[in-house]
Amino acid sequence: MSINEHPPQLHVPVLLDATLDILKPIQGENYLDLTAGYGGHATRFLEATENFEESVLVDRDDYAIERLSPLSQQGASLLHTDFVSAARSLVEQGKQFSIVLVDLGVSSPQLDQSTRGFSFKSNGPLDMRMDRRQPVSAETLVNTASIDELTRIIREYGEEPHGFAKRIAMAIKQARPLTTTEELANLVKEEYRGPWKRIHPATRTFQALRIAVNEELRQVEEVLPLLPALLKKGGRVGVISFHSLEDRLVKRYLKEQQDAGLEAELQIITKKPLDGVNYDVHNPRSRSAKLRAAVKK
Ligand SMILES: C[S@@+](CC[C@H](N)C(=O)[O-])C[C@H]1O[C@@H](n2cnc3c(N)ncnc32)[C@H](O)[C@@H]1O
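Report follows, based on the coordinates. The shown structure was predicted, so the numbers you read here are calculated from the model rather than taken from an experiment.

Rules behind the numbers
- Residues numbered from 1 in each chain as written.
- Predicted model: local features only at pLDDT ≥ 70, side-chain atom pairs only at ≥ 80, totals over all residues.
- Heavy atoms only, no water.
- Core = buried A, V, L, I, M, F, W, Y, C linked by side-chain atoms within 4.5 Å.
- Buried < 20%, exposed > 50% of the residue type's maximum accessible area, 1.4 Å probe, protein only.
- Contact = heavy atoms within 4.5 Å.
- Axes fitted to C-alpha atoms, helices over the stretch in contact; angles between N-to-C directions.
- Helix = DSSP H or I, 4+ residues; strand = E, 2+ residues; numbered from the N terminus.
- Parallel < 35°, antiparallel > 145°, perpendicular 65-115°, else oblique.
- Near = heavy atom within 4 Å.
- Polar contact = N/O pair within 3.5 Å; in protein donor to acceptor, adjacent residues only side chain to side chain.
- Areas by Shrake-Rupley, 256 points an atom, 1.4 Å probe, with all protein chains shown as cover.
- Nonpolar A, V, L, I, M, F, W, Y, C, P; charged D, E, K, R; others polar.
- Phe/Tyr/Trp six-rings, centres within 6.5 Å; stacked < 30°, edge-to-face > 60°.

**A few points about the nonpolar core**
- Judged by nonpolar contacts, the single largest core of 61 residues is most densely connected at Leu32, Leu34, Phe83, Val100, Ile172, Leu184 and Leu209.
- Here Leu184 is in contact with Leu126, Ile172, Leu178, Phe206 and Leu209, once residues within four sequence places are set aside.
- Membership of the second largest hydrophobic core comes to 26 residues, among which are Val14, Tyr31, Ala76 and Phe242.

**Topic: the packing of helix H8 (residues 147–156) against helix H11 (residues 203–213)**
- One can describe the packing of H8 onto H11 by two numbers: an axis separation of 8 Å at closest approach and a directional angle of 110°. As summarised for this structure, H8 and H11 are arranged roughly perpendicular, according to the angle between their axes. Contacts from Leu150, Ile153 and Ile154 of H8 reach H11 at Thr205, Ala208, Leu209 and Ala212.

**Remarks on H11**
- Here H11 lies mainly inside the structure; 8 of its 11 residues are buried.
- Along its buried surface, H11 packs onto helix H7 (138–144), H8, helix H9 (162–175), helix H10 (181–191), helix H12 (216–223) and helix H14 (244–259).
- Just downstream of H11, Glu215 is the residue with a positive phi angle, here 45°.

**Focus on the site of the ligand**
- Around the ligand, a shell composed of 23 residues is seen, among which His41, Asp59, Phe83, Asp103 and Gln219 lie nearest.
- One of the backbone N or O atoms of Gly39 is found 3.3 Å from an oxygen atom in the ligand.
- One of the side-chain nitrogen or oxygen atoms of Asp59 is found 2.7 Å away from an oxygen atom of the ligand.
- About the coverage of the ligand: the protein hides 99% of its 600 Å² of free accessible area.
- Looking at side-chain class alone, the shell around the ligand contains 8 nonpolar, 10 polar and 5 charged residues.

**Thoughts on the side chain of Asn214**
- Within the secondary structure, Asn214 sits in the loop between H11 and H12.
- Owing to a relative accessible area of 1%, Asn214 belongs among the buried residues under this scheme.
- In terms of polar contacts, Asn214 uses its side chain to reach the backbone amide nitrogen of Met130, at 2.8 Å.
- Beyond its immediate stretch of four places on either side in the chain, Asn214 contacts Arg60, Phe118, Met128, Arg129, Met130, Asp131, Gln134 and Gln219.

**Some remarks on the packing of aromatic side chains**
- Applying the stated criterion across every chain yields a total of 4 aromatic pairs.
- Taking 4.9 Å as the distance between ring centres and 10° as the angle between the ring planes, the aromatic pair formed by Tyr31 and Phe45 counts as stacked. Taken together, the residues span a long stretch of sequence, with Tyr31 in strand S1 (residues 31–33) and Phe45 in helix H2 (residues 40–49) at a distance of 14 residues.
- Note on Phe164 and Tyr192: the rings are 5.6 Å apart at their centroids and 70° apart in plane angle, and the pair reads as edge-to-face. Of this pair, Phe164 sits in helix H9 while Tyr192 sits in the loop between H10 and H11, and the two are 28 residues apart along the sequence.

Here's what the structure looks like:
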């Protein structure tokens with residue numbers, strides 16, 4: 001497939017034009033995509049840089065890696081691993097990039113395929129692993145974690161009030177073994193006392209378990225300090241986050257850089273984050289997306 005023939009989109013990339021506008025890829029520059037997914041961003045960046053050979057695309061999901069093969073056939077390197085391991089290994093090899101992109105969260109296929117177990121909207125196994133080689137799935141957590149641990153996960157990562165989180169945790173313990181998304185969604189719905197309209201009561205519990213299974217916040221926390229070493233002087237990095245827990249970590253890291261004065265390695269280029277509501281109005285997936293960007297001094 002030539003670069004001009006885009007494959008049918010399994011996942012519509014968020015804030016695509018805003019990302020290109022702010023990171024300004026130039027012909028010849030090399031590109032590192034730490035969450036390459038279905039290559040929506042990568043395809044457009046590589047079209048602009050035309051530098052496939054020195055570009056690297058990372059994803060921990062085998063299904064995504066498989067779909068990135070048209071880009072690897074044109075010369076880009078693929079790394080099937082989590083982005084912290086990828087970043088550490090690239091830093092060790094002394095590799096540096098003109099552009100680094102991190103588009104956090106889940107992809108549409110992860111949510112849409114019931115067999116992946118990410119969504120309460122269709123019944124499937126309680127899986128939620130982005131990397132299916134890892135041993136711990138949502139089923140493992142739900143059936144083995146203590147009530148305190150489940151309460152903490154649902155409260156911290158689902159941002160549910162403590163009382164409701166604990167009720168869900170106790171109900172889970174009582175209903176063990178749970179094996180399907182439908183069982184879990186129904187259990188949370190039964191614990192929810194009150195009317196609900198748009199947002200299903202299980203939304204936050206599913207988000208919480210997904211974050212825990214994939215250690216998503218630890219991954220973000222650990223990759224941020226590696227970014228300066230991955231960038232060439234004048235190189236740009238963009239991070240797109242989807243919920244306040246992720247965005248808070250990105251914002252705090254960039255603020256630390258700003259406060260470091262002369263010691264700072266990065267300079268913020270988005271005074272305020274670019275959000276999907278204003279910068280990607282036609283893409284419903286962008287509604288809660290926020291893009292922050294910085295340049296290496
Ligand atoms: C929102 S999608 C990215 C979509 C991509 N920008 C595109 O345009 O197709 C996020 C992707 O990042 C991957 N991912 C999330 N966290 C990761 C991590 N810690 N390490 C590696 N890949 C990760 C997911 O598997 C998913 O494919």
